Amino acid sequence: MQALRLGLLGLGTVGQGVVRLARRNAEAISQRVGRPVVITAASARDPGKTRDCDLDGIRIEADPMAVVRAEDVDVVVELIGGLDAADTLVRAAIAAGKPVVTANKALIAERGNALFALATDAGVTVAFEAAVAGGIPIIKALREGLAGNRIDEVVGIINGTGNYILTRMQNEGIAFDSVLADAQRLGYAEADPSFDVDGIDAAHKLTILASLAFGMPLAFDSVTCEGIRGISTKDIELARQLGYHIKHLGIAKRRGDAVELRVQPTLLPETELLAKVDGVLNAVVVTGDAVGPTGYFGPGAGGDATASAVWADIVDIARDQGQIRVPPLSAQPEGIRALPVRALSETRSSHYLRLQVADEAGVLRSITSILADHDISVEAIYQREPRGEQDAVIAMITSVIGESQIIAASAAIAELPAVHGALTRMRVEHPGD
Ligand code: NAP
Ligand code: HSE
């Protein structure tokens, strides 16, 4: 049978992984598909650059549009990243009737509604398994494996770089910046690593997961997003004293007729599954009304792991022979309904507070009395002795309270003369709350 011919846009970390996998598993892939799948062309900004893969027989172009338009390319695989250039290329592929595979979560989260409408009208598949949680087949699990459920919750560690940084801060006490440099060297980070550390990459992924889970349009602008820059080794250590690990989570919860969508540093009880997921690994817990909680775990970034997900889409496209077997966002396009997204101020949660206070009698009483005035009880508390310094450090976990309660109480506590510097606050998740 005639081979299915791929054109790769981008030969970076993921592009090279896709080529390596093609070389290594060509026979198994062709068995699964029923015909050979070959890469005929690829593009890179610098076509002459040495790559960590065998490019023999692949035509290398400087212009990605030449690959999209090439007559010997049946499927376009977009691995450039970013918004405008990728958008133009994907639109051109759709217009040419060529199925698209992309790992680009920014593109899907921010432009996906328009791109899927175009693709559906044109009868062309746009597949994006690699866009969320690297090598974990979470898109397929949500869109197909759990299709009989009402999905109530999706909670996960969905940025490999962030989890790698937090894990090394926790285990080795290394400061943030030097760990980030290692994550970049290993090919985990985005071209602009602030997307990883400021939570934007996780917000892109949460946008996609929420849309698949709840049958809503992609609503990136509705995700409340907080990154990991503010987390210090001090907080990691204090959280551990209280029996918690700090993880950067994406949280999408159905609450009545509305949903909560947030990305945030979170304290998790150390016994929880997600608290034990370390390094570049990602994990997602999806709760369906019939099946209950289900967990998905694996490498969240890196060339070969991500290439695994890219190839899953290529194999699907090859097997489906150009037909759109499943709609891109799980629900049929006419079934997608906007859902109200609750503002952060309307959410409830338990909180971690860290304060630096003068080492003098009555300080703790003043703090707990302010908390009591705001109807907040303290569930756990740890005080580190000053050890020669003038100030003591207090860390505490509150009961589950409204966001406005903790904001008002924190402001009042910060006014106390014995409290020095700003309070640090993070939300605490107890699964099932
Ligand atoms: P990368 O290493 O930076 O590679 C990007 C590739 O695109 C390079 O080959 C580059 O050419 C080319 N390129 C960049 N800008 C271009 C432009 N304006 N026009 C034409 N070509 C351009 O990126 P990556 O890590 O492979 O990521 C690719 C995509 O996969 C992104 O959407 C990313 O979010 C996503 N993703 C990455 C990972 C991961 O672990 N890295 C995991 C999941 C998803 P040169 O090589 O010549 O510079
Ligand atoms: N920069 C991303 C991460 C790549 O670290 O998770 C995988 O999407």
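It should be noted that the structure appears before, not after, this text.
Analysis parameters
- Residues numbered from 1 in each chain as written.
- Chains lettered and ligands numbered in written order.
- Predicted model: local features only at pLDDT ≥ 70, side-chain atom pairs only at ≥ 80, totals over all residues.
- Heavy atoms only, no water.
- Helix = DSSP H or I, 4+ residues; strand = E, 2+ residues; numbered from the N terminus.
- Rg over C-alpha atoms; globule rule 2.2 N^0.38 Å.
- Buried < 20%, exposed > 50% of the residue type's maximum accessible area, 1.4 Å probe, protein only.
- Contact = heavy atoms within 4.5 Å.
- Core = buried A, V, L, I, M, F, W, Y, C linked by side-chain atoms within 4.5 Å.
- Domains from an automatic or database assignment.
- Salt bridge = Lys/Arg side-chain N within 4 Å of Asp/Glu carboxyl O.
- Pairing = 2+ DSSP bridges.
- Expected span 1.5 Å × (residues − 1).
- Bend = angle between axes of the 7 residues up to and from the residue.
- Polar contact = N/O pair within 3.5 Å; in protein donor to acceptor, adjacent residues only side chain to side chain.
- Axes fitted to C-alpha atoms, helices over the stretch in contact; angles between N-to-C directions.
- Near = heavy atom within 4 Å.
- Areas by Shrake-Rupley, 256 points an atom, 1.4 Å probe, with all protein chains shown as cover.
- Nonpolar A, V, L, I, M, F, W, Y, C, P; charged D, E, K, R; others polar.

Below, the discussion takes up the overall build of the chain. Within the chain, the secondary structure is distributed over 13 helices and 17 strands. Here the C-alpha atoms of the chain give a radius of gyration of 24 Å, agreeing with the 22 Å that 2.2 N^0.38 yields for 433 residues. When the 433 residues of the chain are sorted by exposure, 55% land in the buried category. Of all intrachain contacts in the chain linking residues separated by at least 6 positions in sequence, the fraction that spans at least 24 positions is 74%.

This paragraph deals with the nonpolar core. Core analysis: the biggest nonpolar cluster contains 57 residues, and Ile138, Ile208, Leu261 and Val286 have the highest contact counts within it. When contributions to this core are tallied by element, the ones reaching two or more residues are helix 2 (64-69), helix 3 (84-95), helix 4 (105-122), helix 5 (138-145), strand 7 (151-157), helix 9 (200-214), strand 10 (258-269) and strand 11 (281-288). The biggest single contributor to this core is helix 9, with nine residues. Formed jointly, this core draws a minimum of three residues from each of two domains, domain 1 (4-137 + 303-335) and domain 2 (140-299). In contact with Ile138, not counting residues within four places along its chain, are Glu129, Val132, Ala133, Leu209, Val284, Val286 and Tyr296. Ranked by size, the runner-up nonpolar core spans 32 residues in total, among them Leu11, Val37, Ala127 and Ala318.

Attention shifts here to the pattern of salt bridges. Following the criterion strictly, the structure yields 35 salt bridges and no others. Close ionic contact of Asp152 with Arg254 constitutes a salt bridge, the shortest N to O distance being 3.7 Å. Here the residue Asp152 occupies a position in strand 7, and Arg254 occupies one in strand 9 (residues 244-255), the gap between them amounting to 102 residues. The exposure class of Asp152 is buried, given its relative accessible area of 19%. Three or more residues are tied together by salt bridges with common partners; here these are Lys253, Arg255, Glu260, Arg262, Arg342 and Glu429.

In this section: unusual backbone geometry. Unusually for a residue other than glycine, Gln321 sits at a positive phi of about 50 degrees. Relative to the helices and strands, Gln321 resides in the loop between helix 11 (303-320) and strand 13 (348-358). The class of Gln321 is exposed, set by a relative accessible area of 58%. One non-glycine residue with positive phi stands out, namely Ser330, at about 80 degrees. Its place among the elements puts Ser330 in the loop between helix 11 and strand 13. Relative accessible area serves as the criterion here: at 24%, Ser330 is assigned to the partly exposed category.

A word on the pairing of strand 13. The element strand 13 is largely enclosed, with a buried count of nine among its eleven residues. In terms of strand pairing, strand 13 meets strand 16 (residues 401-402) through two bridges, oriented antiparallel. By the bridge assignment, Ser349 is partnered in strand 16 with Ile401. Here strand 13 runs beside strand 17 (residues 419-428); their pairing, made up of seven bridges, is antiparallel. Along strand 17, the bridge assignment pairs Arg354 with Thr424.

Attention now moves to helix 4. Here helix 4 spans only 22 Å end to end across 18 residues, well under the 26 Å set by a 1.5 Å rise per residue. The largest bend in helix 4 is about 85 degrees, located at Arg111. Every buried residue of helix 4 is accounted for by Lys105, Ala106, Leu107, Ile108, Ala109, Gly112, Leu115, Phe116 and Ala119. For helix 4, the capping residue at the N-terminal end is Asn104, with a side-chain oxygen 3.3 Å from the backbone nitrogen of Ala106. Two residues or fewer after helix 4 comes Gly123, characterised by a positive phi angle close to 70 degrees.

Attention now goes to the sheet that holds strand 5 (residues 100-102). Spatially, 3-2-1-4-5-6 is the arrangement adopted by the six strands of the open sheet, whose pairing is parallel. Of all the strands in the sheet, just strand 3 (59-61) and strand 6 (126-127) have a single pairing partner and so form its edges. As paired elements, strand 2 (residues 37-43) and strand 3 share three bridges and run parallel to each other. For Ser43, the partnering residue across the bridge sits in strand 3 and is Glu61. Of the strands in this sheet, strand 1 (4-9) and strand 2 touch helix 1 (residues 13-33), which is tilted by about 160 degrees from strand 2.

Of all residues adjacent to ligand 1, which total 23 residues, the nearest are Asp46, Arg51, Lys105, Glu190 and Gly302. The side chain of Arg45 places a nitrogen or oxygen atom 2.9 Å from an oxygen atom of ligand 1. In the environment of ligand 1, an oxygen atom lies 2.7 Å from a nitrogen or oxygen atom belonging to the backbone of Gly302. A total of 900 Å² of accessible area belongs to ligand 1 in isolation, and the protein chains cover 83% of it. In terms of residue class, the shell around ligand 1 is built from nine nonpolar, eight polar and six charged.

Everything listed here is a matter of coordinates, which is why it stays silent on function.
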